[in-house]
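As a plain string of letters, each chain reads:
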Amino acid sequence: MPVATLLPFTATPNRKSASPTSFRLTEKFILLLVFSAFITLCFGAIFFLPDSSKLLSGVFFHSSAVETNTHTGPDSSDAGSAGNDDRLLAKIKKDHEKALLEAKDTLQKLPDVIQNDILADKAKVTKESMGKGAKDGNNLPFIEYHRPPGATGLEPQDPETRERRAKIKEMMKHAWDSYKQYAWGSNELRPVSKHGHSSNLFGSIKGATIVDALDTLYIMEMFEEFDAATDWVEKSLDFNVNAEVSVFEVNIRFVGGLLSAYYLSGKEVFRRKAVELGEKLLPAFKTPTGIPWALLNLKSGIGRNWPWASGGSSILAEYGTLHLEFMHLSRLSGNSEFAQKVMNIRKVLNRLEKPQGLYPNYLNPNSGQWGQHHVSVGGLGDSFYEYLLKAWLMSDKTDEEGKKMYYDALQAIETNLMRKSTNGLTYIAEWKGGLLEHKMGHLTCFAGGMIALGADGAPGDKTGHQMEQAAEIARTCHESYARTTLKLGPEAFRFDGGVEAIATRQNEKYFILRPEVIETYMYMWRFTHDPKYREWGWEAVQALEQHCRVDGGYSGIRDVYASSPNYDDVQQSFYLAETLKYLYLLFSEDDHLPFEHWVFNTEAHPLELLVFLKKE
Ligand code: DMJ
């Protein structure tokens, strides 16, 4: 068919040749109009094709859901796919509108609200995934770990201090290596007979020395040893035991040790283990008053008190020394029960009448009444006072109740228990039903450090006065060492019968590597920088080396007045947790575990101030 028949309006019958150039102008114009109308029609038709939405969605919203539905769904027949595509397109449109609205909302929020939302979402995801995969059932919330300041310290500038600090690290190495060699996995080491030892305080829980020493290894940068200890905790630390433990001892050494190891290293295993153990201790609070039992069977959850404690009483220094650890457990587990339990202890105490403002050491958990009126800042009472002050400091000074209880108690102690000897030594006596026993325990010597730590916040301009008291207690405790033959302090010393700062009873002459005197030197050094505190600490180091160091570690001694040591054959776990740590810090710079960021639990385990943990 000739082209001309197809173009009726442009063809001219009389023309021999039909070349396009020979068209007239109007014909050209009409041809152009028809052609452009055709092109427009074709282009427009693309948008009416049934598959156009698919084409567009493929380009702009690559979605697997779209692909799945369009290719494999039950509606994939030609007839159904158009309707399906429309539904998908509508859904995509709706999702995008929702996302836009959410983005708009988010942009209107304050940055920390946005951050909190993100953290809550993360926590939810972690919790869900842990719920699926956790082995030990601890569903812990997500916590972003920040490396805290002063976890390790710089070398001291002064060469002598540097050398002394290095010596203390060598002592730690000897204590640790000996434990590792002869008693690995046991609670403590028998350094003379060279085997393991366990007191009944920990039931059949094992590894007290490992857990107690973790943070000391870390701050001394003994990382190889720290890793070996971590590995043991991961694989062998087991709280699923059918045994009775001391709630207080397990809390201060195990829970405290694990918490510090977590804060220093950020390793989740320590947080998990601390919370797991904390949960196992909770049944101890099942008493009519909520004042916990001293002893608890970890399997049955049955508690009881020491048979010797006044009429079945719980003990002030035990139930009063859970606060710091339990506040941290609530923080790290997201379970407020821990905090509620220890806050309730305060409630019970605040309802009670206190004789002369003093806290008796015994309290019956059934009746909520005091037992025997024995008051002491040493054994049975000591760390209760310490935890009131430290709870206030740890709360960034917001815990006004803790603050008031501490300073009121200290005032009552000053009035009723603190005395000066004939030759001017300040000491803290014990109070029995209104009568003073002029005896001071080695344990009481921690009070110098505590009073110095609290002096800055003392009400009524008493800061200077309390610093003087702290310095005097440090001097008295130093005298208790200086007046012995072996230059190590006795368990208790007296100020009666013509003696001052000397043990007079045979059963008070022993030294079991306790830390309290050195602890006070460390605090006094930090607050005053008086070189005598480092000198006194160094005297103790020399005595420890000379009389307590043996081939298989360090041993306590039975009589500090004897001419040569008679070993008790126990290397206490607190020697590594406290004594050596406080010595190391005494010869370190102040920015190593700075007080602005850390408080030490009563076993010298550093815990961060809670305010720094809120920042995530
Ligand atoms: C430690 O376990 C703790 O310091 C506790 O508060 C009292 N005594 C020992 C060390 O002497």
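Everything numeric here is computed off the predicted structure, so don't read it as measured data. (Residues numbered from 1 in each chain as written. Predicted model: local features only at pLDDT ≥ 70, side-chain atom pairs only at ≥ 80, totals over all residues. Heavy atoms only, no water.)

*Asks:* Please explain the packing of aromatic side chains as it appears in this structure.
*Replies:* Aromatic ring pairs are defined here through the distance separating the ring centres and the angle between the ring planes. Here the structure, examined in full by the defined rule, presents 29 aromatic pairs. With centroids separated by 6.0 Å and ring planes inclined at 80°, the aromatic side chains of Trp 538 and Phe 587 adopt a geometry described as edge-to-face. With Trp 538 in helix α20 (residues 531-548) and Phe 587 in the loop between α21 (573-586) and β17 (598-600), this residue pair connects regions lying 49 residues apart in the sequence. The class of Trp 538 is buried, set by a relative accessible area of 15%. The class for Phe 587 is buried, based on a relative accessible area of 1%. Across the ring face of Trp 184, the terminal group of Lys 180 is positioned such that the distance to the ring centre comes to 5.9 Å. In this arrangement the basic side chain of Arg 526 is found over the ring face of Phe 595, its NZ or CZ atom lying 4.7 Å from the centre. (Phe/Tyr/Trp six-rings, centres within 6.5 Å; stacked < 30°, edge-to-face > 60°. Helix = DSSP H or I, 4+ residues; strand = E, 2+ residues; numbered from the N terminus. Buried < 20%, exposed > 50% of the residue type's maximum accessible area, 1.4 Å probe, protein only. Lys NZ or Arg CZ within 6 Å of the ring centre and 35° of its normal.)

*Asks:* In this structure, what is going on with the sheet that holds strand β4 (residues 295-297)? I would like to understand it.
*Replies:* Two modes of strand pairing occur in sheets, parallel and antiparallel, and in both the strands are linked by backbone hydrogen bonds. The strand order β3-β4-β5 describes an open sheet built from three strands, whose pairing is antiparallel. Pairing within the sheet leaves two strands with one partner each, and these edge strands are β3 (244-246) and β5 (303-304). Pairing of β3 with β4 involves three bridges; the strand directions are antiparallel. Counterpart to Glu 244 in the pairing with β4 is Asn 297. Seen against the sheet, helix α10 (residues 247-265) touches β3 and β4 and runs at an angle of roughly 65° to β3. (Pairing = 2+ DSSP bridges. Contact = heavy atoms within 4.5 Å. Axes fitted to C-alpha atoms, helices over the stretch in contact; angles between N-to-C directions.)

*Asks:* Quick question: what am I supposed to make of the site of the ligand here?
*Replies:* Taken together, Ile 252, Arg 253, Leu 443, Arg 514, Pro 515, Glu 516, Phe 574, Glu 578, Thr 602 and Glu 603 are the residues near the ligand. Relative to its unbound accessible area of 290 Å², the ligand is 92% covered by the protein chains. Put simply, the ligand lies in the largest pocket. Sorting the residues of the shell around the ligand by element identifies α10 and α21 as the ones contributing at least two each. Here the residues of the shell around the ligand sort into four nonpolar, one polar and five charged. (Near = heavy atom within 4 Å. Areas by Shrake-Rupley, 256 points an atom, 1.4 Å probe, with all protein chains shown as cover. 1 Å grid on protein atoms, 1.4 Å probe; cavity = no way out; pocket = protein on both sides within 12 Å on 5 of 7 lines; lining within 4 Å. Sits in = over half its atoms within 2 Å of the grid points. Nonpolar A, V, L, I, M, F, W, Y, C, P; charged D, E, K, R; others polar.)

*Asks:* Just checking my understanding: could you explain the layout of surface pockets for this structure?
*Replies:* Taken as a whole, the largest pocket encloses approximately 1100 Å³ of empty space. Lining the largest pocket are 45 residues; nearest its centre among them are Gly 379, Leu 380, Asp 382, Leu 443 and Arg 514. Breaking the lining of the largest pocket down by element, the ones donating at least two residues are α10, α12 (316-319), α15 (382-394), β13 (439-441), α19 (516-528) and α21. Taken as a whole, the second largest pocket spans an internal volume of roughly 430 Å³. Lining of the second largest pocket is provided by 20 residues; of these, Leu 393, Leu 453, Phe 527, Phe 595 and Glu 596 occupy positions nearest its centre. Contributions of two or more residues to the lining of the second largest pocket are made by α15, α17 (446-455), α19 and β17. Taken together, the residues of the lining of the second largest pocket sort by class into twelve nonpolar, two polar and six charged. (Points joined across faces, edges and corners; volume = space filled by probe spheres on them.)

*Asks:* Would you take a moment to explain the packing of helix α13 (residues 323-333) against helix α14 (residues 337-351) for this structure?
*Replies:* Angle between the axes and distance between the axes: these two values describe a pair of packed helices. Running from N to C, α13 and α14 point in directions that differ by 150°, and their axes come no closer than 7 Å. The angle between α13 and α14 places the two elements in the roughly antiparallel class. Here α13 runs over α14; the crossing is left-handed. Across the interface between the two elements, His 323, Phe 326, Met 327, Leu 329, Ser 330 and Ser 333 from α13 touch Glu 337, Phe 338, Ala 339, Val 342, Met 343 and Arg 346 from α14. (Parallel < 35°, antiparallel > 145°, perpendicular 65-115°, else oblique. Left-handed = near helix turned anticlockwise from the far one by under 90°.)

*Asks:* Is there a simple way to explain the UniProt feature "binding site: Ca(2+)" (unreviewed entry) in the chain in this structure?
*Replies:* Per the UniProt record, "binding site: Ca(2+)" (unreviewed entry) is found at Thr 602. Secondary-structure assignment places Thr 602 in the loop between β17 and β18 (606-608). With a relative accessible area of 15%, Thr 602 lands in the buried category. The contacts of Thr 602, once residues within four sequence positions are left out, are Phe 248, Ile 252, Thr 321, Ser 383, Glu 386, Tyr 387 and Glu 578. Polar contacts involving the side chain of Thr 602 include one to the side chain of Glu 386, which spans 2.9 Å. (UniProt positions renumbered as here; feature names shortened; annotations may be inferred. Polar contact = N/O pair within 3.5 Å; in protein donor to acceptor, adjacent residues only side chain to side chain.)

*Asks:* Please clarify how the state of the cysteines should be interpreted in this entry.
*Replies:* In a disulfide, the sulfur atoms of two cysteines are held together by a covalent bond. Applying the stated rule across the entire model yields one disulfide. Disulfide partner of Cys 445: Cys 477, at an S-S distance of 2.1 Å. Across the disulfide from Cys 445 to Cys 477, rotation about the S-S bond amounts to roughly -95°, and the bridge is consequently left-handed. With a gap of 32 residues between them, Cys 445 in the loop between β13 and α17 and Cys 477 in helix α18 (residues 463-482) connect regions that are remote in the sequence. Judged by relative accessible area, which is 1%, Cys 477 ranks as buried. (Disulfide = S-S within 2.5 Å.)

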